[in-house]
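Geometric and topological summary
Each chain, letter by letter, is given below.
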Amino acid sequence: MLQNGAPWLDTQGRPIQAHGGALLRHDDVTYWYGENKDGDTYQGFLHRVDVIGVSCYASTDLLAWRPEGVVLPARPDDPTHDLHPSNVAERPKVLRNPHTGKFVMWLHVDHADYTLARVGVAVADTPRGPFRYQGSFRPAHMDSRDFTVFQDDDGQAYLYFSSDWNATLRVVPLDDDYTGVRSAPTDVFTRAHREAPAVFRHGDRYFMLTSGCTGWDPNPAEYAVAPHPLGPWSVIGNPCQGPGADLTFGAQPTFALPLDDGSVLVMLDRWRKEDLRDSRYVWLRGHVHGEQLTLRWQDAWTGTHAQAAHVVTPSPSSRRSE
Ligand code: DGJ
């Protein structure tokens, strides 16, 4: 059992360092990737920790997490590198490309003042890495800060990114090898100031959770539903219910994983901006009925029925053409 909001320990008894994270299921193992923030916090443009890298943990029950190490480390030797400790590397997400068999990591890379605003891409042959950094870019030359990537059942993947200094959230399809974008982005929410997107599919509907933009401080979550990953997206409202619902239980969404029983594991971060390494995890079971998503506080992530849903691995011929 993992107590929501308490320190979570890995199988070696050390605090899990996987903030702003994501899950990937492969060969009956679930991998948890996230920001290793195990350094001192200091106040710059925002509270920050030097880049250490992206951690990976592995589990078969979503409860006991075995450390797999830092699979994309910082590059302290190269001051010009995106992953130099003086920069920002946030919200890593990993997809397995069914066509190439590669594991592709996307992350938000930035300068300490958040003016670089790019996505970085790294590729590995196994989910445990090591991930080889490919470089960074602005999707269609647009600034990109918080983001997520989502892989649909047909093998087409999408990048959702907060742009125009977080005013507008956009979506763009990824290219065949998942290392670039395919066409011009379209708006999801225009001038709505949403970030921290987490996207999942439930039946024939697509759901997106987001937060407002208040730095490390919590604010009300909101969700939207669409008939297609590109939209149109209809805002439904705050999925949180009960005490603490108005501030997302003190946390911010980062990822959502559909489970076999039809519920959804929603991963959130409860940031501690004065000591970011001590930021906590909140994992809740979301329930979907039609277009309604409900998130209630639970004291612990128990792992009961915590099986990740079967992930469809499409053949190349079933991929949607653009
Ligand atoms: C909120 C974002 O969701 C985080 O990933 C991080 O960029 C903080 N803002 C920085 O304040």
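What counts as what
- Residues numbered from 1 in each chain as written.
- Predicted model: local features only at pLDDT ≥ 70, side-chain atom pairs only at ≥ 80, totals over all residues.
- Heavy atoms only, no water.
- Patch = residues over 30% accessible without salt bridge, like charges linked within 9 Å, V, L, I, M, F, W, Y side chains within 5 Å.
- Areas by Shrake-Rupley, 256 points an atom, 1.4 Å probe, with all protein chains shown as cover.
- Salt bridge = Lys/Arg side-chain N within 4 Å of Asp/Glu carboxyl O.
- Helix = DSSP H or I, 4+ residues; strand = E, 2+ residues; numbered from the N terminus.
- Near = heavy atom within 4 Å.
- Polar contact = N/O pair within 3.5 Å; in protein donor to acceptor, adjacent residues only side chain to side chain.
- Nonpolar A, V, L, I, M, F, W, Y, C, P; charged D, E, K, R; others polar.
- Core = buried A, V, L, I, M, F, W, Y, C linked by side-chain atoms within 4.5 Å.
- Buried < 20%, exposed > 50% of the residue type's maximum accessible area, 1.4 Å probe, protein only.
- Contact = heavy atoms within 4.5 Å.
- Pairing = 2+ DSSP bridges.
- Axes fitted to C-alpha atoms, helices over the stretch in contact; angles between N-to-C directions.
- Disulfide = S-S within 2.5 Å.

Some details on a nonpolar patch on the surface
Side chains of Phe-45, Leu-46 and Trp-165 sit close together on the surface and give an oily, nonpolar patch of about 320 Å² of accessible area. With respect to the helices, strands and loops of the structure, Leu-46 is situated in the loop between β4 (41–43) and β5 (47–49).

As for the site of the ligand
In the vicinity of the ligand, the residues found are Leu-46, Glu-90, Arg-91, Tyr-114, Asp-146, Glu-195, Gly-215, Trp-216 and Gln-252. In this structure, an oxygen atom belonging to the ligand sits 2.6 Å away from a side-chain N or O atom of Glu-90. Within the backbone of Gly-215, an N or O atom sits 3.3 Å from a nitrogen atom of the ligand. For the ligand, the accessible surface in isolation is 290 Å², of which the surrounding protein chains cover 96%. For the shell around the ligand, a count of residues per class yields three nonpolar, two polar and four charged.

Quick notes on the nonpolar core
Tyr-33, Leu-72, Met-105, Leu-107 and Phe-131 are the most contacted members of the largest nonpolar core, which has 22 residues in total. Breaking this core down by element, the ones donating at least two residues are β3 (29–35), β6 (53–59), β7 (66–73), β8 (88–96), β9 (103–110) and β10 (118–124). In terms of residue count, β9 provides more of this core than any other element does, four residues in total. Residues in contact with Leu-72, not counting those within four places in the same chain, are Gly-53, Val-54, Leu-83, Met-105, Leu-107, Ala-122, Phe-131 and Tyr-133.

Some thoughts on unusual backbone geometry
Omega for the bond connecting Gly-129 with Pro-130 falls within 30 degrees of zero, at 0 degrees, which places this linkage in the cis form. As for its placement among the helices and strands, Pro-130 is situated in the loop between β10 and β11 (132–137). Backbone torsion omega between Gly-231 and Pro-232 reads 0 degrees, so that peptide bond is classified as cis. Along the chain, Pro-232 turns up in the loop between β18 (222–226) and β19 (234–237). We note that His-141 has phi near 65 degrees; this positive angle belongs to a residue other than glycine. Along the chain, His-141 turns up in the loop between β11 and β12 (147–151). Residue His-141 is classed as exposed on the basis of its relative accessible area, which comes to 75%. Even without a glycine there, the phi angle at Tyr-178 is positive, about 70 degrees. Checked against the element boundaries, Tyr-178 lands in the loop between β14 (168–173) and β15 (186–189). Under the relative-accessibility criterion, Tyr-178 is labelled buried at 1%.

Considering the side chain of Ser-163
You can see Ser-163 is positioned in strand β13 (residues 157–163). The exposure class assigned to Ser-163 is buried, which follows from its relative accessible area of 0%. Beyond its immediate chain neighbours, meaning those up to four positions away, Ser-163 contacts Met-142, Asp-143, Thr-168 and Arg-170.

Quick look at the sheet that holds β6
Strands in a sheet are paired, the pairing made by backbone hydrogen bonds, and the direction either parallel or antiparallel. If you walk across this open sheet you meet the four strands as β2-β3-β6-β7, and the pairing is antiparallel. If you trace the sheet from one side to the other, it starts and ends with β2 (19–26) and β7, each paired once. Sheet twist, expressed as the average angle between the axes of neighbouring strands with direction ignored, equals 25 degrees. Alignment of β3 against β6, held across six bridges, turns out to be antiparallel. For Trp-32, the partnering residue across the bridge sits in β6 and is Tyr-57.

Remarks on the state of the cysteines
A covalent bond bridging the sulfur atoms of two cysteines is what the word disulfide describes. All told, the structure shown has zero disulfides when counted by the stated rule. Between Cys-213, a cysteine without a disulfide, and Cys-240, which holds the nearest cysteine sulfur, the sulfur-to-sulfur distance is 16 Å. Its relative accessible area of 7% is what places Cys-240 among the buried residues.

Comments concerning the pairing of strand β24 (residues 292–296)
Inspection of the sheet shows strand β20 (residues 240–241) paired to β24 by two bridges, in the parallel sense. Across the sheet, the residue bridging to Cys-240 is Leu-295, located in β24. Judged from the three bridges that link them, strand β23 (residues 280–289) and β24 form a sheet pairing that is antiparallel. By the bridge assignment, His-287 is partnered in β24 with Thr-294. In this antiparallel pair of consecutive strands, β23 and β24, the connection spans two residues, and Gly-290 shows a positive phi of 60 degrees.

A look at the pattern of salt bridges
Pairs may arise between side chains of opposite charge once their charged atoms sit close together. According to the stated counting rule, one finds 24 salt bridges in the structure shown. In this structure, Asp-164 engages Arg-170 in a salt bridge whose closest nitrogen and oxygen atoms are separated by 2.9 Å. Where Asp-187 meets Arg-170, a salt bridge forms, and the shortest distance between an N and an O atom there is 2.9 Å. Of the two residues, Asp-187 is situated in strand β15 and Arg-170 in strand β14; the sequence distance between them amounts to 17 residues. Connected through shared salt-bridge partners, Asp-38, Asp-40 and Arg-277 make up one network.

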